[in-house]
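A structural walkthrough
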Amino acid sequence: MTLGEGDTPLAPAPWLSKRVGAEVWLKFEGSNPTGSFKDRGMTVAVSAAVAEGAKAVVCASTGNTAASAAAYAAKAGLKGAVIVPEGKIATGKLAQALMHGARVIALRGNFDEALALVRELVERRPIALVNSVNEYRLEGQKTGAFEVCDELGEAPDVLCIPVGNAGNITAWWRGFQEYGVAPRLHGYQAAGAAPLVHGRPVEEPETVASAIRIGNPARWEDAMDAVTASRGAIRAVTDEEILEAYELLGRREGIFCEPASAACVAGLLKYGAEGRVVCVLTGHGLKDPQTALRQAASVIPCEPEIEAVERAVLGE
Ligand SMILES: *Cc1c(COP(=O)(O)O)cnc(C)c1O
């Protein structure tokens, strides 16, 4: 069950490299079919669900898992249901899940509550759970690590990656290990949703980076083991730092990613790194137009006259 996922661009980042004093590369996972790295795992999880005879798939999601699950379920002819935190999912992701014909359920609760409920649901009903607690998801997602090593000809020294439910950092580490390499993992959480940094769950996670607004990561232990084994670290960045990196990526590197993705670049700018550094830009900026429009400069109104156009264009 494929939509052509993977093989995403790995672009050199000259401006960031200069600013950080390292050789920085950006792995743009936003160019996957539904606009996030979730597709790498979903192709495997939904294929397995079909093989196992499932008739429906379900997930809890901060948005991108929902968009991806809905698309692959549609392709597979399975029913799809996604449970998202009410009012907390970016517009683009919601539009995707609905367009792919999934039942979109807005839970009056947060992601952690949604995940607990779907885990209970699949105990009661024969529905495949396609969250990253599903091993097939990680098996697909680890391919990002293979691509980076293949393309660079060797492993990077450091991998910077945003961390929410902690499935992706776990998957990348699995990929590197299978490749026989061990870059340092620098994981970044939003300061308002940083359970792995504080060492305890966060009751009410809050951050502008809705994709990593998670207070009790399902892959907690796996992720911490990976970070420790790689001699890396999990650290926090504030929403202000995330939005600054988000804007810099758009203006200086020509890459429009979503705020959660920019968290890893915010971390790189804040804490630094040495050698060859790859940042995983997990999702496309078009997912969350509202945050972009709030952050960016405003549109310039203009009368249909040449002098007015001249002034508007030149900014005089
Ligand atoms: C899912 C997601 C993350 C976090 O990945 P985890 O596996 O939950 O740690 C980060 N950024 C984006 C855009 C995502 O969709």
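Residues numbered from 1 in each chain as written. Predicted model: local features only at pLDDT ≥ 70, side-chain atom pairs only at ≥ 80, totals over all residues. Heavy atoms only, no water.

With that settled, the discussion passes to the pattern of salt bridges. In this structure the tally under the stated criterion is 17 salt bridges. Between Lys 27 and Glu 147 there is a salt bridge, and its shortest N-O distance comes to 2.7 Å. With a gap of 120 residues between them, Lys 27 in strand E2 (residues 23–28) and Glu 147 in helix H7 (residues 143–152) connect regions that are remote in the sequence. Overall, the relative accessible area of 0% leaves Lys 27 in the buried class. A relative accessible area of 15% places Glu 147 in the buried class. Between Glu 241 and Lys 270 there is a salt bridge, with the nearest N and O atoms lying 3.1 Å from each other. One end of the pair, Glu 241, is in helix H11 (residues 239–252); the other, Lys 270, is in helix H12 (residues 259–271), and 29 residues separate them in sequence. (Salt bridge = Lys/Arg side-chain N within 4 Å of Asp/Glu carboxyl O. Helix = DSSP H or I, 4+ residues; strand = E, 2+ residues; numbered from the N terminus. Buried < 20%, exposed > 50% of the residue type's maximum accessible area, 1.4 Å probe, protein only.)

A separate point is the domain arrangement of the chain. Interface size is commonly expressed as the accessible area that is lost once the parts come together. Structurally, the chain comprises domain 1 (10–36 + 138–295) and domain 2 (38–136). Taken residue by residue, the interface counts 34 residues in domain 1 and 27 residues in domain 2. Among the residues domain 1 hides against domain 2, the three largest losses belong to Thr 34, Arg 213 and Lys 287. Together they make up 23% of the total. The tally of links between domain 1 and domain 2 comes to six salt bridges. The closest approach of N and O atoms between Lys 88 and Glu 206, which form a salt bridge, is 3.7 Å. (Domains from an automatic or database assignment. Contact = heavy atoms within 4.5 Å. Buried area = accessible area lost by both parts, 1.4 Å probe.)

Along strand E9 (residues 233–237), four of the five residues are buried, which leaves the element largely enclosed by surrounding structure. Where strand E8 (residues 184–190) and E9 come together, five bridges link them in parallel fashion. Each residue of the ladder has a partner; that of His 186, found in E9, is Ala 233. (Pairing = 2+ DSSP bridges.)

This part covers the sheet that holds E8. The sheet built from six strands is open, its strands ordered E1-E2-E10-E7-E8-E9 with mixed pairing. This sheet does not close on itself; its edge strands, each paired only once, are strand E1 (10–12) and E9. Averaged over all pairs of adjacent strands, the angle between strand axes in this sheet comes to 25°, irrespective of strand direction. In this sheet, strand E10 (residues 276–281) lies alongside strand E7 (residues 158–162) in parallel orientation, the contact comprising three bridges. Looking at E10, one finds that Leu 159 is bridged to Val 278. (Axes fitted to C-alpha atoms, helices over the stretch in contact; angles between N-to-C directions.)

This part is about the site of the ligand. The local shell around the ligand holds 17 residues, among which Lys 38, Asn 64, Gly 164, Asn 165 and Thr 282 are the closest. Contact between the ligand and Gly 167: an oxygen atom at 3.1 Å from a main-chain N or O atom of the residue. Here Asn 168 contributes a backbone N or O atom positioned 2.8 Å from an oxygen atom of the ligand. Burial of the ligand by the protein amounts to 97% of the accessible area it has alone, namely 380 Å². Within the residue set of the shell around the ligand, elements represented by two or more residues are helix H8 (167–179) and H12. Its residues placed into classes, the shell around the ligand shows seven nonpolar, eight polar and two charged. (Near = heavy atom within 4 Å. Polar contact = N/O pair within 3.5 Å; in protein donor to acceptor, adjacent residues only side chain to side chain. Areas by Shrake-Rupley, 256 points an atom, 1.4 Å probe, with all protein chains shown as cover. Nonpolar A, V, L, I, M, F, W, Y, C, P; charged D, E, K, R; others polar.)

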